[in-house]
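If you want the building blocks of each chain, they are given just below.
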Amino acid sequence: MARRRRVTFESSSSSKSDSDSDSSSASSRNTCPTPPVENSAPSTEPFKGGKRKRKSSGNHDHNKTKASKRPRSQEKDDEESSYPERTHDPGEIHLSGVQQVVITTIRATDLTLGLRRISAGFHAVVKADGAEYQTSNKSVHVDQAVLEWHERILLPCDLSSKVRVSVYASFELGPMVCHGELLRTFEISVGELLDRSERSRPIMLQPKQEDVVSACTSLFMTVEQRLSDQNDGGVLCPLTTLTSRGMDVLAVRTDAGHRLLARYRRTQNSTDLDQSINHFEHALDLCPVDHPYRPAAFSNLATAKFINCQVEGRYLDLDIPISLFQDALDLRPTGHPDRPTTQVHLAICLLSRFVKRGFQTDADTAKELLSEALDVCHANSHICRAALMTIETSAVHGSMDTNDLQQERPATSMLPLSPNQLARRVMRCLERYEPRDLDEVISLHYDALGYYNTGHAERGRLLCHLAVMLHIRFKRRGKDEDMDQGIALQKEALALCPVGHTERSASLNNLALQLSSRFERQGNGEDLDKAIALQKEALALRPVGHTDRSASLNNLALQLSSRFEHQGNDEDLDKAIALHREALALRPVGHTDRFKSLGNLAGQLSSRFELRGNDEDLDQAIALQKEALALCPAGHTDRSMSLNNLATLLSSRFDRRGNDEDLDQAIPLYREALALRPVGHTDRSMSLNNLATLLSSRFEHQGNDEDLDKAIALHREALALRPVGHTDRSGLLYNLAKRLSTRFKHRSNNEDLDEAIAFQREALALRPVGHTHRSASLNHLANVLSSRFEYRGNDEDLDKAIALDRESRALCPVGHKGRFASLSALANNLSSRFEHRGNDKDLDQAIALHRETLALCPVGHTDRSMSLNNLATLLSSRFDRRGNDEDLDQAITLYREALALRPVGHPARFILLVNLAKRLCNRFPLQHNRDDLDQSRENLHYAFTLLTQHDPGHLLAHRLLANVYLSFHRSCLDVTGAGEDIDSLNAAMHHFKAAANVVSGSLLFRLRASLLWVRHAKQHNHGTQLDAYATSMQLLDAYMSKTASVSSRHNIMKDFPSTLAVDAASCALCSGDVCRAVELLEQGRTIIWTQMTRLRTPLDSLQTCGDHAAALMKKFRDVSSLLDKPPASHPEGTPIVNVEADETRYRRRVQEWNGAVGEIRKIEGFSRFLLPPYSQIFKMQLVKGPSSFSSQASRLLPTDLRKLVQLVNALQEAVRKDPDPNGKQTALTKALRELWDMVICPVVENLSRFARRGSRIWWCPTSLFNFLPLHAAGEYRPKGKSVSQQYISSYTPSLTALIKARASHVKSPSVPFVAIGQDCPAGASSTLDAVEPELELVRRLLPPPPTISFSKITSVDATKSRALCALRDNTWLHLACHGTQEFDEPFKSAFLMRDEPLSLLDISQTDLSQHEFAFLSACETAVGVFSTPDEVIHLAAGLQFSGVNSVVGTLWKVTDSTVQHLVEAFYKNLCGDGPMNSKRAAWALHQAVQSLARDEDIPMTLDQRIVFVHIGI
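A quick note: this is a predicted structure, and the numbers were derived from the prediction, not measured. (Residues numbered from 1 in each chain as written. Predicted model: local features only at pLDDT ≥ 70, side-chain atom pairs only at ≥ 80, totals over all residues. Heavy atoms only, no water.)

A look at the sheet that holds strand 16 (residues 1390–1391)
Inference 1: Here we have 3 strands laid out as an open sheet, ordered 15-16-17, and antiparallel in their pairing. In the strand order of this sheet, the two ends are held by strand 15 (1379–1380) and strand 17 (1398–1399), each with one partner.
Inference 2: Where strand 16 lies against strand 17, 2 bridges are found, and the strand directions are antiparallel. Its bridge partner being in strand 17, Phe1391 is matched across the sheet by Leu1398. (Pairing = 2+ DSSP bridges. Helix = DSSP H or I, 4+ residues; strand = E, 2+ residues; numbered from the N terminus.)

In structure tokens:
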């Protein structure tokens, strides 16, 4: 289905979010935000992307953002390498006769700007020619923007000499222990200083890398030239070095502490804070009692400790900074210049402790300290301001009564700033982004409201200001409390403006705008309806001729547009356009706000175009936007915004008409807009997003991978500018997820898919119920989960996707703009589930949904083609299901109409061509119209021309074209119709092969294509049949390896032919290639076990192949070890993100493992590393023992599957039947005779030609033979023949397993043997009374120490964990207990222990590579699973694949009596004459069974005589 993209329009205000009606003066460029809170032509009238969404794309929230933070240089932590401006060459200055240059004045501005600590003073340090000069330490007042030092500093005469100037904030007015916090430092030449002094040009200093604003914005130095004989009076002397090494260390430690603390306040890196505390602690240690700098050391450490308490939330630790501040205060008596600062700091700490613990003495002491500080501080000092703010804050928490302090102090010291002063503060705050300033302005407004109570003439103005600032803080930080409080204040302000009040219209407007913002945030339609009603009343108060009418028209239009977006009422959109037209008419050419009206009207016309598809609306919108751009020449502040909006409209027209000129024009416009928004620009993130979106569109149109990669990189940069908590983060997460999912569809990179899902989940979490764009996020998350289902086949993904789609549809009722996308997505996923499970209800519901979506797309609608395609696809599926010709004819008609709506070059043409081709091919057998077949072939050939080299679409096109050629072949039609000799069948097989080998395609789809190839090649007996089988098995192995859980692998195997390997071998045998047949059997069977054992492959021989080989060996072992660990278990309730992260980690390790394997295969002698062995290798390995290897193995392959199934069923029923009164089992005997006659007798006859009587033979059964006791086949009549009479039988799951078992092991002189028995496992209804005697019998029959080191675990000790430990620590094992075989989940088959089962999965994850033998005295330990017979999943096979050479197991239930007799006979034969040897196990079992059969004193039924089998060597 074609996917539509979304880009962002924006308003002319860089400070706005995506809300279409954010027009309050909180973001305006007025000189003062006083009521009415609006511009006559609001600078925030948006033409915004938040509302320019495209179908099934969601929103792109683009809000104002701070500059991204760049890494700091460790060498120059807080420095600029040089001042930022150089306009004059100092070499042009000539100083004839001047011998000395002197700085006479240093003037700094905005020294407190952005500071996060209360500084005591400031000083400058000048370094020149190795000398260092320091000015006096001066304090500044709150309203003091400039500080001057008039000390004279002598500079070198050489004009090229460099001078380093540094400005510091100090935290002591008394003796300074160090410089303090470095604010600015730069280097400049003497000549340039003179030049700047002459020209009166200050040095302008930009914010530091991590800051939006930084202290000390400019520095100017007056420099004089004089002769050397002039009076030197007043010239500063250079600083001398400290008198002791200890003092030097003290200064270094303290400076480092200040530097790190300042850096922590900027970056919030806790390591900086910890290191700062460490430095201050060392500094305090260097200041013993009576040391002059001891109080400063106490104060510095206390400050850092207090910050640490706040950060860590350890308020119990507040005692430490309080104690330290108290110590500092004790050393600063009354009159000490730093005593007030210490008092305020101590008071703040005490009040913090009061808030947390409620000690009234803390509040009382703090009150006394603040009162004393206010008595001695200058009323306009920073410390006084800090004390007053502390009092106000504490009053909020109820820790002290401010009235008491007001009564104690003169009234003038408690007066708030005047409304005009506050207004100036507001404007200054709006000009820069400094959170501390914003908080202070809001606090000051609250102070003022407390003074200007109800009835005061200025209260309404203050309420309005405060509401605006709270709204700004909400926009910046996203706290709903600020928004709600702002609305409450605006309502109070409105109440102060009754009908007839001159400011009522402005107050109505402002309240409407804030309600509109809350609607955008929370999605409550009542807020929007109320906002529109208020805005209409405001407009009525501004009749024709009113200066602010155009602003009201604009704002009402924007809010109507928002309601249209939310409710889908066309009348709102039409009314909004009419209002915008009227507003534009009031802003003729030359009007300062015409630009904004042009943009807003263009935006709404664009929205109507998307709704109705009227090209005139789009063309008119582009014309209006071009006029708007013409009003923004180079250098205009709004040019970047206008470039963005025009580019967005052009991209929409490209989507509509596919004209490359629009696309090629739009991208440069976006690039120019981005260039005008460098790093640090508030709208850079928006421009990055928009350019990325259009590059993605060009990728979809032209297929250039570079465009998609660049788009993703741009989206990532945009997201980095919107950190966690930013209101626009959800939109950027959404967009990045869409691009990653697009790249996944084209390249099948697992990481892209997993990352897309993770980002989309995060985006959805940021869009809770009520969010206007929640529906879009639900849709796309469902889409990517559906993609993952298609790629990996996990049903949970598809079910979750449908649930998300249903929630999305519920959020989009009839008339909602997003309903089309929600209906389409739900219908598509229901269709997928129908294809997967075959539930007709899903299909019928999907068709009904798509018919509804088509009704929403009348002729001319931009999405009509897509809707036609979707409905046609489902009708086609229903035709496949029910065979109704009308569905097929209607589907073809719909496809043709959809294709006609996609002009040449449109990216959606490919999918329409292949869909139409498929259905024309389907109709050919029904109507036999050759034109259908010819058109189908032509469409597919044309579709190939639309694909890039590595597009996964090649897979689908090849597969469909193969079907077309098959139709030609079946109908005996010549492909060309001209009699040319073209082999249609060969062409079909060629395309099936090509489909299976499309590397960029999904492994699952490639595997399915290969199985189609197998089916048709087999059906037509084509020469590629064997190649098709080999390809299918390779793809099946690769597909299985992508899954971490072995149980999941088993479930996957159920979905594919269980006889694939056997059929492949049969194919090879039919062609006479026995060796190839054996290879295919090995490759296609026991895939799950093979993948597990690969991770434990010994690599010792690689060590001799050089350093590179040794490194590869280590990498292989490391990654194998990680993959061999059990997958993480996730209890119920684990967040899905955590589960998916583990799955992603596993797939990444699989890729690393595959890479290591590929590199190892490049080493000489290792080209077949971990590949199935060649048949020649099998021969060489197997001839080492008494086994045989010949073409007679072909006799094992069935020729009549139906008879084989009947035989398996008959034998299973016979085993379950009780013997007759004479102990005979007639049905079982009959089944074993039939097995002999049908299968085994010919094999034995052939074996007798070269294998002498009594030889060992190994059965390697396939398919249903796994469920037959081949070793027990015979005639069962007097003197009749049987297998057991002539040969000693063993089984092996695979030839590879047998070869591995034959490999020599290092044997210890003493055999560690453990007997594990459990007579009463958890949940058992009865006990196994024979277990203890059986273990004792085994102990007696085994050789004594030191030949055997015997141990036993039974009863309560035989727990799962103890059994696993014993299993690992002993190479010989006898296990007597209950055994269970779970056919649905075979890896849960288990030995039952006292506490919990010891499962097959537990065993398979245990390395038993040095183990020799295991006797499994339990029921059903060698029974496989019917759904996957060739995987041989049972307990005995699990032990062998885990490394045990020789295993004795059981085919069905075994009685205690049988166990007792057979165990005794077995161990007597095994241990009777010679050392313990696991290779004797098969012989010992054979002898035991034979002896028991001959012993008339031991009655034993036939089923019990043949129940035990031997597996391995």
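So that's the structure; there's more coming.
A few points about the pattern of salt bridges
Inference 1: All told, the structure shown has 69 salt bridges when counted by the stated rule.
Inference 2: Residues Asp880 and Arg919 are paired through a salt bridge, measuring 2.9 Å at the closest nitrogen-oxygen approach. Of this pair, Asp880 sits in helix 30 (residues 864–882) while Arg919 is found in helix 32 (residues 909–927), placing the two residues 39 residues apart along the sequence.
Inference 3: The class of Arg919 is buried, set by a relative accessible area of 4%. (Salt bridge = Lys/Arg side-chain N within 4 Å of Asp/Glu carboxyl O. Buried < 20%, exposed > 50% of the residue type's maximum accessible area, 1.4 Å probe, protein only.)

Let's talk about the packing of helix 10 (residues 419–430) against helix 12 (residues 459–477)
For any two helices packed against each other, one specifies the inter-axial angle together with the distance between the axes.
Inference 1: Close contact between helix 10 and helix 12 brings their axes to 11 Å; oriented N to C, the two are set at 20°. Between helix 10 and helix 12, the angle is such that the two are roughly parallel. Crossing of helix 10 against helix 12: the hand is left-handed. Where helix 10 abuts helix 12, its residues Pro419, Asn420, Leu422, Ala423, Val426, Cys429 and Leu430 lie against Arg461, Leu462, His465, Met469, Ile472 and Arg476.
Inference 2: Of the residues belonging to the contact of helix 10 with helix 12, the class tally is 9 nonpolar, 2 polar and 2 charged. (Axes fitted to C-alpha atoms, helices over the stretch in contact; angles between N-to-C directions. Parallel < 35°, antiparallel > 145°, perpendicular 65-115°, else oblique. Left-handed = near helix turned anticlockwise from the far one by under 90°. Contact = heavy atoms within 4.5 Å. Nonpolar A, V, L, I, M, F, W, Y, C, P; charged D, E, K, R; others polar.)

Notes on the pairing of strand 13 (residues 1348–1353)
Inference 1: As judged from the 6 bridges shared by strand 12 (residues 1311–1317) and strand 13, these two strands associate in the parallel manner. Residue pairing for strand 13: Val1311 is matched across the bridge by Ile1348.
Inference 2: Crossover strand 12 to strand 13 through helix 49 (residues 1331–1341) is right-handed. (Right-handed = clockwise from strand over helix to strand, strands pointing away.)

What about a nonpolar patch on the surface?
Inference 1: On the surface, Val904, Tyr942 and Leu946 cluster together into a nonpolar patch covering about 260 Å² of accessible area.
Inference 2: Mapping Val904 onto the fold places it in the loop between helix 31 (885–900) and helix 32.
Inference 3: Assessed through its relative accessible area of 66%, Val904 is described here as exposed. (Patch = residues over 30% accessible without salt bridge, like charges linked within 9 Å, V, L, I, M, F, W, Y side chains within 5 Å. Areas by Shrake-Rupley, 256 points an atom, 1.4 Å probe, with all protein chains shown as cover.)

With respect to the sheet that holds strand 7 (residues 181–189)
Inference 1: In spatial order, the strands read 3-2-6-7; together these 4 strands make up an open sheet with antiparallel pairing. The open sheet has two edge strands with one neighbour each: strand 3 (131–134) and strand 7. Put simply, the sheet's adjacent strands are angled 15° from each other on average, direction ignored.

So, the nonpolar core
Inference 1: Counting 179 residues, the largest nonpolar core has Ile1240, Phe1391, Phe1466 and Tyr1467 as its most contacted members.
Inference 2: Among the elements that take part in this core, helix 46 (residues 1226–1247) stands out by supplying 11 residues, more than any other.
Inference 3: Setting aside its immediate chain neighbours within four residues, Phe1466 contacts Phe1413, Phe1415, Val1448, Ala1481, Ala1484, Leu1485 and Ala1488.
Inference 4: Ranked by size, the runner-up nonpolar core spans 64 residues in total, among them Leu629, Ala666, Leu736 and Leu740. (Core = buried A, V, L, I, M, F, W, Y, C linked by side-chain atoms within 4.5 Å.)

As for the confidence of the model for the protein
Inference 1: Overall, the prediction assigns the protein a mean pLDDT of 81, with 82% of residues at 70 or greater.
Inference 2: In this model, residues 401–415 is a region of pLDDT below 50 whose contacts with residues beyond four sequence positions or in other chains number 16 contacts. (pLDDT = per-residue confidence, 0-100.)

Notes on the environment of Phe879
Inference 1: Examined against the element boundaries, Phe879 turns out to sit in helix 30.
Inference 2: Between the C-alpha atoms of Phe879 and Ala891, which are 12 residues apart in sequence, the distance is 9.2 Å.
Inference 3: Once you skip the residues sitting within four places of it in the chain, Phe879 turns out to touch Asn884, Asp885, Asp887, Leu888, Arg919, Asn922 and Leu926.

Describing the packing of aromatic side chains
Inference 1: For the structure shown, the criterion picks out 10 aromatic pairs.
Inference 2: On the numbers, 5.2 Å between centres and 55° between planes, the contact of Phe1415 with Phe1466 is tilted. Within this pair, whereas Phe1415 is found in strand 18 (residues 1413–1417), its partner Phe1466 is found in helix 53 (residues 1456–1471), the two being separated by 51 residues in sequence.
Inference 3: Assessed through its relative accessible area of 0%, Phe1415 is described here as buried.
Inference 4: Residue classification places Phe1466 among the buried positions, given a relative accessible area of 0%.
Inference 5: Following the ring pairs from residue to residue traces out a cluster consisting of Phe1313, Phe1350, Trp1372, Phe1413, Phe1415, Phe1466, Tyr1467 and Phe1508. (Phe/Tyr/Trp six-rings, centres within 6.5 Å; stacked < 30°, edge-to-face > 60°.)

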